[in-house]
Every structure is written in C-alpha cells, then in structure tokens.
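Examination of the molecular architecture
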Amino acid sequence: MPEQTDPKPDTEPAATTSAPVGAGRNLLFLREEELRLAQDLLFFGYRDFTAGADQLLAELGMGRAHHRVLHFVGRRPGITVGELLGILGITKQSLGRVLTPLVEEAYVQQSAGRNDRRQRLLSLTPKGEALERRLFERQREWVMRAYREAGPVAVDGFRRVMRGLMGPAARQQLERLEQKDARPSTGRPRDTHLAPIG
C-alpha cells in the first residue's frame, strides 16, 4: 500500500537570521550547512530506525500507515476514529483504507461509544497487541542504544529539538500521550527492566 503524503506542519518555522562567521559553535545551527546536516540526520536516523519494523510489516503485506494506526490505537485504547484522524493528520478515506484491513484481519476491534452510539471506539485485539509489541521491540533496541551512547543531557536536548519541530496541534497530541503515561497503568505492565541512561 503506498504511503500517504505527510500533512503540512501546523505552522511554518520562523525565519532564522544568519549568524556571523566564527561566532561560536553554539550559533552554527543557524548556518545553512548545519540545517542541511539536520535534515540528513533526520533522514538517515528515521530510515534505519524504521528498517526492522518495515521488514516485519512487509512480510504481512502492511506498511508504515498500518504501523502508525497500531501504535496510536495501542497507546490510547478506546480512541475514537475522530481522535485518530486528528493525530495522523489524514483524511477519513485514507484512514479507511488502512483501518479496514486491520479490522478484517482481527488486529483492531471497533465498538460503539457509551454515550454516543455513533462513535466508533478503537482498540487492539490480542492479535493486534502481539503485533504492535513485536514492532515496538524492533525499534526499542535502536532507541535504547542511541540514548545510552548519547547520555542524559543529549537525550533531553533531542526531546527539546523534536518538540521544537512540532506544530501546536502535534504538541497537544503529545501532551495527551504524556498525561496518559503519567497516570497509573490499568492495562498490561509497562517495561520496568530497562537500564538507566548514561
């Protein structure tokens, strides 16, 4: 299945002013070559980070769009179709092309809302949870290795940069996920065996 075009960001990045040459390493990020290097880093990092999961998905006749649905439905069980559309930033028709086979193949289940029966609530089936877990484990090792090599200060900086790349709507969606993680878990236990960074 072909990839959907990524949505445009919520806001255009603010224009940067050029830094004087030799102004110090801390201002080099304002120069074009540093910005192009940032694009290179994002491209190569994302390519290799997704490679293992892509291989598993391809074996099942799926792609990254399916992975995104499995990820966010797994992160927010009971999410509405409307909320998922808001997170993914795609059309209802595009979501339908991905969601329909996931439901038909019993990876995702739909149920009616409690207060509004017209609402469709999505959650992973045990089969879907198992697949999402396998995909997560393919990518977890890459993140753990990178975090350990970089150390806690760099990890904090990475998180700040990634938030800086997001528009307001994406930040709000991320905050909802972070609030969910901060609440006591009522589902399957979270990983507690991971070694500390650094």
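Residues numbered from 1 in each chain as written. Predicted model: local features only at pLDDT ≥ 70, side-chain atom pairs only at ≥ 80, totals over all residues. Heavy atoms only, no water.

Here we look at the side chain of Thr-50
As for its position among the elements, Thr-50 is in helix 1 (residues 32-59). Judged by relative accessible area, which is 4%, Thr-50 ranks as buried. Looking at Thr-50, its side chain comes within polar contact range of the main-chain oxygen of Arg-47, at 3.1 Å. Those residues within four positions of Thr-50 in sequence are excluded, and the remaining contacts are Arg-64 and Gln-139. (Helix = DSSP H or I, 4+ residues; strand = E, 2+ residues; numbered from the N terminus. Buried < 20%, exposed > 50% of the residue type's maximum accessible area, 1.4 Å probe, protein only. Polar contact = N/O pair within 3.5 Å; in protein donor to acceptor, adjacent residues only side chain to side chain. Contact = heavy atoms within 4.5 Å.)

Comments concerning the packing of aromatic side chains
Evaluated as defined, the whole model comprises two aromatic pairs. Seen from their ring centres, Phe-43 and Phe-44 are 5.1 Å apart, and the 75 degrees between their planes marks the pair as edge-to-face. Using a relative accessible area of 42% as the deciding quantity, one classes Phe-44 as partly exposed. Relative to Phe-158, the ring of Tyr-147 has its centre 6.3 Å away and its plane inclined at 70 degrees; by these criteria the two rings are edge-to-face. Of the two residues, Tyr-147 sits in helix 5 (residues 126-150) while Phe-158 sits in helix 6 (residues 152-165), which places them eleven residues apart along the sequence. Above the ring of Tyr-107, the side-chain terminus of Lys-127 is found at 4.5 Å from the ring centroid. (Phe/Tyr/Trp six-rings, centres within 6.5 Å; stacked < 30°, edge-to-face > 60°. Lys NZ or Arg CZ within 6 Å of the ring centre and 35° of its normal.)

So, the nonpolar core
One finds Val-69, Leu-70, Leu-84, Leu-95, Leu-102, Val-108 and Leu-122 to be the most contacted residues of the largest nonpolar core, which totals 26 residues. For this core, the secondary-structure elements that each account for two or more residues are helix 1, helix 2 (64-75), helix 3 (81-88), helix 4 (92-104), strand 3 (120-124) and helix 5. Once residues within four sequence positions are removed from consideration, Leu-84 is found in contact with Val-69, Phe-72, Val-73, Ile-79, Leu-95 and Leu-122. (Core = buried A, V, L, I, M, F, W, Y, C linked by side-chain atoms within 4.5 Å.)

Quick word on the pattern of salt bridges
As enumerated under the stated definition, the model contains ten salt bridges in all. A salt bridge links Asp-156 to Arg-160, with the shortest nitrogen-to-oxygen separation between them at 2.9 Å. In this pair, Asp-156 and Arg-160 are both assigned in helix 6, four residues apart and thus about one turn of the helix distant. By relative accessible area, which is 38% here, Asp-156 ends up partly exposed. (Salt bridge = Lys/Arg side-chain N within 4 Å of Asp/Glu carboxyl O.)

A look at the confidence of the model for the protein chain
Looking at the protein chain as a whole, the pLDDT averages 82, with 77% of positions reaching at least 70. Counted against residues more than four places away or in other chains, residues 1-24, with its pLDDT under 50, gives 21 contacts. Residue range residues 185-194 is modelled with pLDDT below 50. Its contacts to residues more than four positions away, or to other chains, number nine contacts. (pLDDT = per-residue confidence, 0-100.)

A word on the sheet that holds strand 3
Judged by pairing direction, the sheet is antiparallel, and its three strands sit side by side in the order 1-3-2 without closing on themselves. Lying at the two open borders of the sheet, with one neighbouring strand each, are strand 1 (79-80) and strand 2 (108-112). Pairing between strand 2 and strand 3: five bridges, direction antiparallel. What sits directly across from Ala-112, in strand 3, is Arg-120. (Pairing = 2+ DSSP bridges.)

Examining the packing of helix 2 against helix 4
Direction vectors running N to C along helix 2 and helix 4 enclose 70 degrees, while the axes themselves pass 10 Å from each other. By the angle class used here, helix 2 and helix 4 are roughly perpendicular. Every residue of helix 4 that contacts helix 2 at Ala-65, His-66, Val-69 and Leu-70 is listed here: Leu-95, Val-98, Leu-99, Pro-101 and Leu-102. Residues of the contact of helix 2 with helix 4, tallied by class, amount to eight nonpolar, one polar and no charged. (Axes fitted to C-alpha atoms, helices over the stretch in contact; angles between N-to-C directions. Parallel < 35°, antiparallel > 145°, perpendicular 65-115°, else oblique. Nonpolar A, V, L, I, M, F, W, Y, C, P; charged D, E, K, R; others polar.)

A word on a nonpolar patch on the surface
Taken together, the side chains of Leu-42, Val-161 and Leu-165 make up a nonpolar region of the molecular surface, amounting to roughly 280 Å² of accessible area. Relative to the elements of secondary structure, Val-161 occurs in helix 6. On the basis of relative accessibility, which here comes to 51%, the residue Val-161 falls in the exposed class. (Patch = residues over 30% accessible without salt bridge, like charges linked within 9 Å, V, L, I, M, F, W, Y side chains within 5 Å. Areas by Shrake-Rupley, 256 points an atom, 1.4 Å probe, with all protein chains shown as cover.)

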